[in-house]
Amino acid sequence: MARADRVSGSRDDDGWTGAGLRMDVPHSARVYDYLIGGKTNFEPDRAAAHAAVKAWPALPISMRSTRGFMERAVRRLAEEHGVRQFLDIGAGIPASPNVHEIAQEVAPESRVVYVDNDPIVLTHARALMSSRPEGRTAYLDADLRDADAILDSPRLRDVLDLSRPVALSLIAIVHLVLDEDDPRRVVHRLMDRLAPGSFLALTVFTGDTDPVGVGGVGREYNARGIPLQIRDRAEALAFFDGCELLDPGVTLVHRWHPEPGAASVRDENIAMYGGVAVKR
């Protein structure tokens, strides 16, 4: 965490901070943070979020439901499948409960490596390092598109044993990677290098439930310099090629093992598919 400790967070007259942050333009991590009720965001982020919500008012519901999917998936992997190693790529701005908090509540010895390449996340990475003494956490500044750099990192290897199963978490991230960068190839490369018995938990932003409204979100994001790729269910399924999907397969995130008694959410208010699969 030496690098995170060096972040100054100062701002100059051009809107930059000492960590290379732009606070005068919207940022995907901060927009997401605002949509799920966080406080690590600035006026341009809130303006972008408001424009997207105007285009599709259900966006905050969908984003909060995606966060709920992550929490249920991690807990289920730890409780029912005995996973003790997690690799969370696209960690985003910390928002409790984080992956290590959920996993270590089930098994304190759990180990988690968070990966992101956004300066805003780096400045808040200390919150991702509060491991229980029986376990380990680490933060790696790296790009999802460079799978080998992530898996060959000495920092990652110091925490995770890649000869044993790992749960790879890619939540609310692949829609920020355009098709020209072939995110499916990246995901498959990551899974290829993980041990048999590893898991993939992944979400995909979709317009299947409301093409017009969700399409408006895409236009608002892209107009503000935030790349956003909308995909259909067939494209979502392709991310899991080579793995065996767990029940109930790829489904809208609110329908993936919902909590008993959870409030009813309509399908048309969800724009995210989610699934969990195992590598045999």
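Residues numbered from 1 in each chain as written. Predicted model: local features only at pLDDT ≥ 70, side-chain atom pairs only at ≥ 80, totals over all residues. Heavy atoms only, no water.

Draft legend 1. Structural detail: the overall build of the chain. Along the backbone of the chain there are 11 helices and 8 strands. For the chain, the C-alpha radius of gyration of 18 Å lies close to 19 Å, the compact-globule estimate for 280 residues. For the chain, the spread of C-alpha atoms along the three principal axes comes to 45 × 45 × 40 Å. The 280 residues of the chain split such that 53% are buried. With the model as given, the accessible surface of the chain reaches about 12,000 Å², and the carbon-plus-sulfur share is 47%. (Helix = DSSP H or I, 4+ residues; strand = E, 2+ residues; numbered from the N terminus. Rg over C-alpha atoms; globule rule 2.2 N^0.38 Å. Buried < 20%, exposed > 50% of the residue type's maximum accessible area, 1.4 Å probe, protein only. Areas by Shrake-Rupley, 256 points an atom, 1.4 Å probe, with all protein chains shown as cover.)

Draft legend 2. Inspection of unusual backbone geometry at higher detail. That bond from Ser96 to Pro97 is cis: its omega, 5 degrees, falls within 30 degrees of zero. Relative to the helices and strands, Pro97 resides in the loop between β1 (85–89) and α5 (99–106). Here the amide bond leading from Asp247 into Pro248 is cis, since omega sits at 5 degrees, within 30 degrees of zero. Mapped onto the secondary structure, Pro248 falls in the loop between β6 (244–245) and β7 (251–252). Even without a glycine there, the phi angle at Asp182 is positive, about 50 degrees. In this structure, Asp182 sits in the loop between β4 (167–170) and α9 (183–192).

Draft legend 3. Summary view of the packing of helix α4 (residues 59–80) against α5. Where α4 meets α5, the closest approach of the two axes is 9 Å, and the angle between their N-to-C directions is 30 degrees. Looking at the two axes, α4 sits roughly parallel to α5. The way α4 lies across α5 gives a crossing that is right-handed. Here α4 contributes Met70, Glu71, Val74, Arg75, Ala78 and Glu79 to the contact with α5, which in turn contributes Val99, Ile102, Ala103, Glu105 and Val106. Class assignment for the residues of the contact of α4 with α5 results in 7 nonpolar, no polar and 4 charged. (Axes fitted to C-alpha atoms, helices over the stretch in contact; angles between N-to-C directions. Parallel < 35°, antiparallel > 145°, perpendicular 65-115°, else oblique. Left-handed = near helix turned anticlockwise from the far one by under 90°. Contact = heavy atoms within 4.5 Å. Nonpolar A, V, L, I, M, F, W, Y, C, P; charged D, E, K, R; others polar.)

Draft legend 4. Here's a closer look at α4. Taking 1.5 Å of rise per residue, 22 residues should cover 32 Å, and α4 covers 31 Å from first to last C-alpha, within 8% of that figure. Gly82, located one to two residues past α4, shows a positive phi value of around 70 degrees. (Expected span 1.5 Å × (residues − 1).)

Draft legend 5. Examining the side chain of Ser110 more closely. Mapped onto the elements, Ser110 comes out in the loop between α5 and β2 (111–116). What makes Ser110 buried here is its relative accessible area of 0%. Within the structure, the side chain of Ser110 is placed 3.4 Å from the backbone oxygen of Ala103, a separation counted as a polar contact. If near-sequence neighbours (up to four positions away) are discounted, Ser110 is found in contact with Val83, Arg84, Ala103, Gln104, Gly135 and Arg136. (Polar contact = N/O pair within 3.5 Å; in protein donor to acceptor, adjacent residues only side chain to side chain.)

Draft legend 6. View of the packing of aromatic side chains. This model, assessed by the stated rule, comprises 1 aromatic pair. Residues Phe69 and Trp256 carry aromatic rings whose centres are separated by 5.3 Å and whose planes lie at 75 degrees to one another, so their mutual orientation is edge-to-face. Taken together, the positions of Phe69 in helix α4 and Trp256 in the loop between β7 and β8 (272–278) put the pair 187 residues apart, joining distant regions of the chain. The residue whose ring lies beneath Arg184 is Phe239, and the NZ or CZ to ring-centre distance is 5.5 Å. (Phe/Tyr/Trp six-rings, centres within 6.5 Å; stacked < 30°, edge-to-face > 60°. Lys NZ or Arg CZ within 6 Å of the ring centre and 35° of its normal.)

Draft legend 7. Focus on the side chain of Asp116. Take Asp116: it is sitting in strand β2. Buried and without a salt bridge, Asp116 has Arg67 as its closest oppositely charged side chain, separated by 9.9 Å. A polar atom in the side chain of Asp116 sits 3.3 Å from the backbone nitrogen of Asp118. If we ignore the near neighbours within four places in the chain, the residues touching Asp116 are Gly90, Ala91, Gly92, Val121, Tyr139, Leu140, Asp141 and Ala142. (Lys, Arg positive; Asp, Glu negative; His and termini not counted. Salt bridge = Lys/Arg side-chain N within 4 Å of Asp/Glu carboxyl O.)

Draft legend 8. Just the pairing of β1, in detail. Counting buried residues in β1 gives 5 out of 5 residues, a clear majority hidden from the surface. Neither face of β1 is left uncovered, since the one carrying Gln85, Leu87 and Ile89 and the one carrying Phe86 and Asp88 both have all their residues buried. Two elements, β1 and β2, share 5 bridges in a ladder whose sense is parallel. Each bridged residue has a counterpart across the sheet, and for Leu87 the counterpart in β2 is Val113. Viewed along the sheet, the connection from β1 through α5 into β2 turns out right-handed. One ladder, built from 3 bridges, connects β1 with β4; its direction is parallel. (Pairing = 2+ DSSP bridges. Right-handed = clockwise from strand over helix to strand, strands pointing away.)

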